[in-house]
Every structure is written in C-alpha cells, then in structure tokens.
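Understanding the architecture of this molecule
So you can see what is in the structure, the chains are spelled out below.
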Amino acid sequence: MRSNFFFIVLAFLSLYMLVFVDHAFAYLDPGSGSMLLQLVFGGIAGLGVILKLYWKGFVGLFRHKQHQENDLTPKERDK
Amino acid sequence: MNAICPLPGSFRDPAGRVYDVDGQIFRTIEASFSPEFEFVKSTELLQKLIVDHRLLPFERVEANDVPRFSRETNYVLRVPRLRFVSYPYEWSFSALKTAALLHLEIQLTALEFGVTLTDASAFNIQFHGARPVFIDHLSFRRYRPGEIWTGHRQFCEQFLNPLLLRSFFGVPYNAWYRGTQEGIQARDLSRILKWRHYLCWNVATHVVLQSFFQRSVQNHNLELAKESLPTNALAPGAFRRILKKLHSWISKLMPADTEKTVWQEYTKSHSYSSEEIEHKQRFVSEFVRRERPKLIWDLGCNTGDYCAAALQAGAEYAVGFDNDHGSLELAFARSREQNLAFQALFFDAANPSPNQGWREQERYGLQVRASADAILALAFVHHLAISRNIPLEQLLGWIIGMAPRGVIEFVPKNDPMAKTLLRHREDIFLDYTRESFLSYLEPVAKITGTEIVSSTGRFLVAYERRSKS
C-alpha cells in the first residue's frame, strides 16, 4: 500500500514536470532522485507542489481502495 | 592534409571538443553552443574567474590560424597545456575536498553573473600544486531563474559521496572511484550508512532521500522529464542556500582514519631532519642542478621532502606518488602552505592507473602520461621487489622507461627496513643484491653518480637512460 502511495505521488509529479517544461541547454541527465529532492528544497513553492502531490496521491489511493471494495461480491466483502 | 581528430576522452558534451595539436591544446565550440558561450563571455564571469586563478585562461584563435579539425567549428580557443593531468581517483581526501569546494564556489559566483554550470564533473578540475583550477570553458551557460541544479546528482556522486565514505567510515574511495569512473552513487552509499548518520540533515537529504526518490522512480518505471524541469522548481535563493550549506558542511569534513596526531606530526616532520635525509636531499639537489629537469616525478614521495628539495634546486614542477593516505594528506598540506609547484597523488606502483573509460581511451594510464624529465625512486625499490614480488630487473626497466634521467636508491637486505619486510616470510629474493641491481641497470642506463647514504649500505644511483640502438 505504501508503495502504491508513492507511485501515485510520483506519477503526479512526473505529469507536472512533463507539462511545465523549459528546454534548457543540458547534456547531463540530472537524475530523477536529484530532481525530486530539489523540489523538496525548492522553498515554499516547491513544498507546496510536493504537499499538493502527496495530498492528491492520498485521495487517489483512498478512491482506488473504495473502488476496489465496491467491486467485491458480498461474499468476498464478508471475508 | 588529414583532419585532426579530437582527444578520445572529449566526447560527452556535444558543445565542443578538445584537440592536442603538436603539444598545443585547442578547445573548439560547436555552432549550436556558440550563442551560449558568447553570452557567458559577455558577462565577464570567465574573466573574473581567470583573474582569481580559478579558471584556466584561454585566448580565441582565428579560424585561419588553426589546423583543420575533423569537426566543423566556428569558435576555437587555445588553452595552456597542463603540467600533468590527474584524475579524481588519484587525489587525496584534501585534494578532492578542495576541488569540491572550488566547484561550489564557481557555481555560486556564476549565479551572480546570471550563469550556471552544465555539469559537476570532478574531471573538469585539475591541480597546479595544491591549487585546483577549473578547466572546462564549455561548462558555463545562461542561468534560468527557477531551474534546478542540473549537476547536483553528479556533484554528489563525484565529490560528496566519496568524501563521506572516507569521512564516515575511514574507507578510501580511490579504488571504488577508479572502478566506476563516475564516483559513488547515493544508492550505494545509503545502503552502508548507520542510523546515526540519518540524524544529519545533509545526509538525510542529499544521500538518503535522493536515493529513496531514485529507487522509487526506478521501481515503478516512472519517466520523469529528462532534460529539464518546471520553470519554478528551485528558486534562486534556495539554490544558493543549497550551495552554501554544502560548502560549509564539506569544508568541515575530515577523514575518519586520520588521527589528529598525524596532523600534529606535520610540524614535527618539518623540524625533524636526520643526517641520512639531509644526505639524500643534498644528492637530489645536486642532481637537479646538474640535469635541470623541468618536470620531476617522485615515486614513493611520502610527505614530499625530496620534491621540495628538487623544486628548491630549480625543478619547475614536481609530481609525487604514494600509496599512504596519511602521507598524501601531509604532502598536500605542505604544498598548500608553502605554495609549492608540487602535486601528490595516490598510486600503487604494482597496479598503477590504467587506460580506461569508453574504448579504454577516455582516461589515460600512468604510462601514457609519463612525461617527466627526471624521476626519483628513493626507498622505493625494496617495497616493490620484496613486498610485492616484482622482479628486480623488470622493476628497474619500468622506472627507467618512465624518464630519461633519475635517481634510484638501493636498500640492502641487512638494512632494518628491508629486514622488516622479510621478517614474516621466506627470503626468495636471491637476486636482490647490490651486484644484481647494478648489473640490471648496466644495459639500460649509464650511471652518472653514486653515493652511499647510510651505515647499512643504502646507496643512491643517478642514471641516464641509454638510447635504444
């Protein structure tokens, strides 16, 4: 479950990055770990982005869980 | 006329290439990167760094005055040839630390000029003595406020993590670094950290959290933007804070395996001067005055006593090699404090740096870089011949092959140092004798001077290599 949570957070983060890109002259791959870390360092704006992403991830996870429960048959739900 | 090809190690950054033309070093700039370079040049940043001796100077050369390069270029710079090219895996802890601090300082200065660095390769820094100098003029480009620090991961791998390995665990990074060529990944370092290290904010973020993010992304096959980031990802103030905090943290790092007493020994090592050392220093000084070498190498340099003597006698530049990390620290401290043209590097003579990297041509081995006018091998031969089983004849041939002139010391078996090396093992070194030593030298070198320097029969030989007929 924890793994799913981070998957959701990172998926939103990656989407954000893919949408708001500014193509700089760079031949070096900064590395995804470093990129995400620098968003953490990014002051209020960066933290806001991270918190928003985590919140969306949390809500998304909750909805995903509810959706899964609705899909279960009454017999499965009793288990 | 055939076009000249770039140096094989100059391929990573498409912005330009490096060429060695009859000993002159040229750096070319590709048309696509010229506007960036012209912008950086217009900011006067490069000029300031050159004046501060932090960047290698350059001059623009007109296209008509340069040879025909194999790649199209519209900008050519001529840069001074370095005395000796060394690699981060050959540097002592203090040298790598000094280089790391220089990188951060340059990045901080660059930001003031609206410029940033495209990478954080430790190979972009070279040393003149103990003074680091940045050599890559194409690493600078326009800074876009809000963009991330592109070189952060590389800085951690090539500077920070190797320093932490030595600082936390007392484990030298040199062999690991030489193996990977790219330094040490946060992922690898974080696996060996103890819980107490997590209490340090810098470790928790730059190593542990970075590694965690990296793993998460890889484990879930997420594709993040490869070349760029959100325009407001890292505010300029936050960027500067990261750089300043790293600078402050790194400047306090010390090797865990170096006792304080070793540093205190530095003063003692200067006041201490035995008759034998003085004798050897005199011999080396006379040799240097006679032969006038510009570049001298010292194999087994220890703290640099003989390099200092050679420089005082007129040598222009000295490169010392040793495999003792404590000695290298002292040698670096001596060079820095006395502002000597002396550089001390980590080296295992039985396993010196090889040609390696892409196509085994990206980084040169020691043999390829052997350009010394003279070589010193004092109290060196017995360590290799007895401790490492290197055949004496091969060893002498190897030393003499490195430089046309030099001084070699022979330590006989009855010397206390040689006895120490033999105390736990059978003496299988039947040809380790004065007679064999001289007979092995005879065919390859002419002896131009000899002197006994101790009561146990240690003696020095000055040689001149015979030309191959």
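Just so it is clear, the model here is predicted, and its values are computed rather than measured.

Cut-offs and rules
Along every chain, residues carry numbers that run from 1 in the direction the sequence is written. Whichever chain is written first is A, and whichever ligand is written first is 1; the rest continue in order. Selection of residues for local features in this predicted model requires a pLDDT of at least 70, selection of side-chain atom pairs for listing and counting requires 80 or more, and totals for whole chains, interfaces and linings are taken over all residues. Based on all heavy atoms of the structure, the side-chain values leave hydrogens and waters out of the count. Only runs of H or I of at least four residues qualify as helices and only runs of E of at least two qualify as strands under DSSP, and these elements are numbered from the N terminus. What makes two residues a contact is simply this: any of their non-hydrogen atoms within 4.5 Å. The accessible surface values rely on the Shrake-Rupley method and a 1.4 Å probe; as for residues, cover is taken only from the protein chains in view. Exposure categories follow from relative accessible area, calculated using a 1.4 Å probe and restricted to protein chains: below 20% of the type maximum is buried, above 50% is exposed, and the middle band is partly exposed. As used in this record, nonpolar core signifies buried Ala, Val, Leu, Ile, Met, Phe, Trp, Tyr and Cys residues forming a set joined through side-chain atoms within 4.5 Å. An automatic or database domain assignment supplies the residue ranges for each domain. Take the accessible area each of two parts loses on contact, using a 1.4 Å probe, and add the two losses: that sum is the buried area. Salt bridge, as used here, is a side-chain nitrogen of Lys or Arg placed within 4 Å of a carboxyl oxygen of Asp or Glu. Any pair of nitrogen or oxygen atoms within 3.5 Å is treated as a polar contact; in protein, a donor-acceptor pairing is required on top of that, and neighbouring residues in sequence qualify only through side-chain atoms on both sides. Between any two strands, pairing holds if DSSP finds at least two bridges. To define axes, lines are fitted to C-alpha atoms, for helices over the stretch in contact only, and angles between the resulting N-to-C directions are given on a 0 to 180 degree scale. Expected span of a helix, by definition, is 1.5 Å for each gap between consecutive residues, and there is one gap fewer than residues. The arc in question is traced by the directions running from the helix axis to the C-beta atoms.

1. Digging into the overall build of chain A
Along chain A, the regular secondary structure elements total four helices and zero strands. Helices (α) and strands (β) of chain A occur, in sequence order from the N terminus, as α-α-α-α. A sequence separation of at least 24 residues applies to 66% of the contacts in chain A between residues at least 6 apart. Split by element, the accessible area of chain A, about 5,100 Å² in all, is 64% carbon and sulfur.

2. Quick look at the side chain of glutamate 157 of chain B
Relative to the helices and strands, glutamate 157 of chain B is located in helix H4 (residues 152-169). Under the relative-accessibility criterion, glutamate 157 of chain B is labelled buried at 11%.

3. Overview of the nonpolar core
Residue and element names in this part refer to chain B. Counting residues in each nonpolar core, the largest one holds 151 residues, and the members touching the most others are Phe140, Phe155, Trp297, Phe380, Ile399 and Ile408. Counting residues per element, this core draws most heavily on helix H3 (residues 93-112), at 12 residues. Counting residues in hydrophobic clusters, the runner-up holds seven residues, among them Tyr19, Val66, Phe69 and Val76.

4. A look at the domain arrangement of chain B
Residue and element names in this part refer to chain B. Assigned domains of chain B: these are domain 1 (8-79), domain 2 (88-252) and domain 3 (263-465). Once you take the C-alpha centre of each, domain 1 and domain 3 turn out to be 37 Å apart. Taken together, the four residues of domain 1 in the interface contact five residues of domain 3. Both faces combined, the contact of domain 1 with domain 3 buries some 400 Å², and carbon together with sulfur accounts for 55% of it. For glutamate 362, the salt bridge identified is with arginine 12, shortest N-O distance 2.7 Å. Inspection of the domain 1/domain 3 interface yields one residue pair in polar contact (both at pLDDT 80 or more).

5. Section: the sheet that holds strand S4 (residues 75-79) of chain B
Residues and elements named next belong to chain B. Spatially, the four strands line up as an open sheet ordered S1-S2-S4-S3, and their pairing is antiparallel. Two strands bound the open sheet, and with one partner strand each, they are strand S1 (16-21) and strand S3 (59-61). The sheet shows a mean angle of 35° between the axes of neighbouring strands, taken without regard to direction. As paired strands, S1 and strand S2 (residues 24-29) are joined by six bridges and run antiparallel to one another. Pairing of valine 21 across the sheet is with glutamine 24, part of S2. Helix-sheet contacts for helix H1 (residues 34-42) involve S2 and S4, and the interaxial angle to S4 is about 55°.

6. Looking at helix H9 (residues 236-252) of chain B
All names here are of chain B. With 17 residues, H9 should reach 24 Å at 1.5 Å per residue; the first-to-last C-alpha distance of 25 Å fits that figure. Those residues of H9 that fall on the buried side of the exposure criterion are Ala238, Phe239, Ile242, Leu243, Leu246, Trp249 and Ile250. Looking straight down H9, one finds that the buried residues subtend no more than 140° of arc, so they occupy a single side. Turned more than 90 degrees away from the buried face of H9 sit Lys244 and Lys252, all of them exposed.

7. With respect to unusual backbone geometry
Only a minority of non-glycine residues have a phi that is not negative, and only a minority of peptide bonds are not trans. All names here are of chain B. One non-glycine residue, glutamine 181, lies in the positive phi region at around 70°. Structurally, the position occupied by glutamine 181 is in the loop between helix H5 (174-180) and helix H6 (186-192). On the basis of relative accessible area, glutamine 181 is assigned to the buried category, the value being 9%. A positive phi angle is found at asparagine 339, which is not glycine, with a value near 50°. Summarising the element assignment, asparagine 339 is placed in the loop between helix H13 (325-338) and strand S11 (342-346).

8. Focus: the sheet that holds S11 of chain B
Backbone-to-backbone hydrogen bonds pair the strands of a sheet. The strands run either parallel or antiparallel. Residue and element names in this part refer to chain B. Pairing in this open sheet of seven strands is mixed, and the strands run S11-S10-S9-S12-S13-S15-S14 from one edge to the other. The open sheet has two edge strands, S11 and strand S14 (445-452), and neither has a second partner. Going from strand to strand, the sheet's axes swing by 20° on average, the running direction of each strand aside. The pairing of strand S10 (residues 317-322) with S11 spans five bridges and is parallel.

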